[in-house]
Amino acid sequence: QVQLVESGGGLVQPGGSLRLSCAASGFTFSNYAMKWYRQAPGKERELVAAISSTGGNTNYADSVKGRLTISRDNRKTTVYLQMNSLKPEDTAVYYCNVWLGDKIYWGQGTQVTVSS
């Protein structure tokens, strides 16, 4: 079955960095675009970044452009989110996501807390 397992979250000071990973299984990873979303307390889940199946195209929310970088390794069936210059407003649970036909799959999420 399809599985998405996020890791790499934690507590970091403002200005710090984290690298999130999402290990995927149960589908042909290299055929599908992947996305990272986040959900802060009391807010709706929002799209942060997306990457095409080959990794050749990426898109970002305006709020994270220049600070977050999405990438993927199709041999390792893993998608990454490099997070630099973190701000308190980046605090959220981060989820990876894949659309397979008409079904959407989510990981369990990983908590990122940016605080001094």
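Small disclaimer: the values here were computed from a predicted structure and weren't measured. Here the residue index of a chain counts from 1 through its sequence in written order. At least 70 in pLDDT is required for a residue's local features to be given in this predicted model, at least 80 for side-chain atom pairs to be given and counted, and no such filter applies to totals for whole chains, interfaces and linings, which use all residues. Side-chain metrics rest on all non-hydrogen atoms present in the structure, leaving aside hydrogens and water.

Q: What is the right way to look at the side chain of Glu 6 in this model?
A: The topology assignment puts Glu 6 in strand 1 (residues 3–7). Think of it in three bands: residues with accessible area under 20% of the maximum for their type are buried, residues over 50% are exposed, and the middle band is partly exposed, with areas taken using a 1.4 Å probe on protein chains only. His is not counted, nor are the chain ends; Lys and Arg add positive charge and Asp and Glu add negative charge. Put simply, a salt bridge is a Lys or Arg side-chain nitrogen that is within 4 Å of an Asp or Glu carboxyl oxygen. Comment: no salt bridge for buried Glu 6; closest opposite-charge side chain is Arg 45, at 7.5 Å. Polar contact criterion, stated in full: a pair of N or O atoms within 3.5 Å, where within protein one must be able to donate a hydrogen and the other to accept it, and residues adjacent in sequence count only if both atoms are side-chain atoms. Of the polar contacts made by the side chain of Glu 6, one reaches the backbone nitrogen of Gly 109; its length is 2.9 Å. In this description, contact between two residues means that some pair of their heavy atoms is separated by no more than 4.5 Å. Dropping the residues within four chain positions of it, Glu 6 is found in contact with Ser 21, Cys 22, Trp 36, Tyr 94, Tyr 95, Cys 96, Gly 107, Gln 108, Gly 109 and Thr 110. In DSSP terms, a helix is any run of H or I states spanning at least four residues, a strand is any run of E spanning at least two, and both are numbered starting from the N terminus.

Q: It is not clear to me how the packing of aromatic side chains should be interpreted in this structure. Could you clarify?
A: Aromatic rings considered in pairs are described by the distance between their centres and by the relative angle of their planes. Two aromatic rings, drawn from Phe, Tyr or Trp (for Trp, its six-membered ring), form a pair once their centres lie within 6.5 Å of each other, and the interplanar angle then sorts them: stacked below 30 degrees, edge-to-face above 60, tilted otherwise. For the structure on display, the rule yields four aromatic pairs. Seen from their ring centres, Phe 27 and Tyr 32 are 5.9 Å apart, and the 70 degrees between their planes marks the pair as edge-to-face. Looking at Phe 27, the relative accessible area reads 16%, which means it is buried. For Tyr 32, a relative accessible area of 28% gives the class partly exposed.

Q: Honestly, the state of the cysteines in this entry has me stumped. Any pointers?
A: Chemically, a disulfide is nothing more than a covalent bond linking the sulfur atoms of two cysteines. Cysteine sulfurs are considered disulfide-paired once they come within 2.5 Å of each other. This structure, assessed with the given rule, holds one disulfide. In this model, Cys 22 is linked to Cys 96 through a disulfide, with the two sulfur atoms separated by 1.9 Å. Torsion about the S-S bond of the Cys 22 and Cys 96 cystine: about 50 degrees, corresponding to right-handed handedness. Placement of Cys 22 in strand 3 (residues 18–25) and of Cys 96 in strand 9 (residues 92–100) is noted, with a sequence separation of 74 residues between them. What makes Cys 22 buried here is its relative accessible area of 0%. Overall, Cys 96 belongs to the buried group, its relative accessible area being 0%.

Q: I keep staring at a nonpolar patch on the surface and nothing clicks. Help me out?
A: A contiguous nonpolar surface patch, about 300 Å² in accessible area, is contributed by Trp 99, Ile 104 and Trp 106. What makes Trp 106 partly exposed here is its relative accessible area of 35%. Patch membership needs two things, relative accessible area over 30% and no salt bridge, and members are linked within 9 Å if like-charged or within 5 Å if nonpolar (Val, Leu, Ile, Met, Phe, Trp, Tyr). Accessible surface is estimated by sampling points in the Shrake-Rupley manner with a 1.4 Å probe; for residues, cover comes only from the protein chains shown.

Q: Looking at this model, I keep getting lost on the sheet that holds strand 7 (residues 68–73). Mind explaining?
A: Through backbone hydrogen bonds, the strands of a sheet pair up, either in parallel or in antiparallel fashion. Two strands are said to pair when DSSP picks up at least two bridges between them. Read from one edge of the open sheet, four strands run 1-3-8-7, paired in antiparallel fashion. At either margin of the open sheet sits one strand with a lone partner, and together these are strand 1 and strand 7. Across the sheet, the axes of successive neighbouring strands diverge by a mean angle of 15 degrees, strand direction being ignored. For strand 1 and strand 3, the ladder comprises five bridges, and the chain directions are antiparallel. Bridged to Gln 3 within strand 3 is Ser 25. Throughout, an axis means a line fitted to C-alpha atoms (over the contacting stretch in the case of helices), and angles, computed between N-to-C directions, take values from 0 to 180 degrees.

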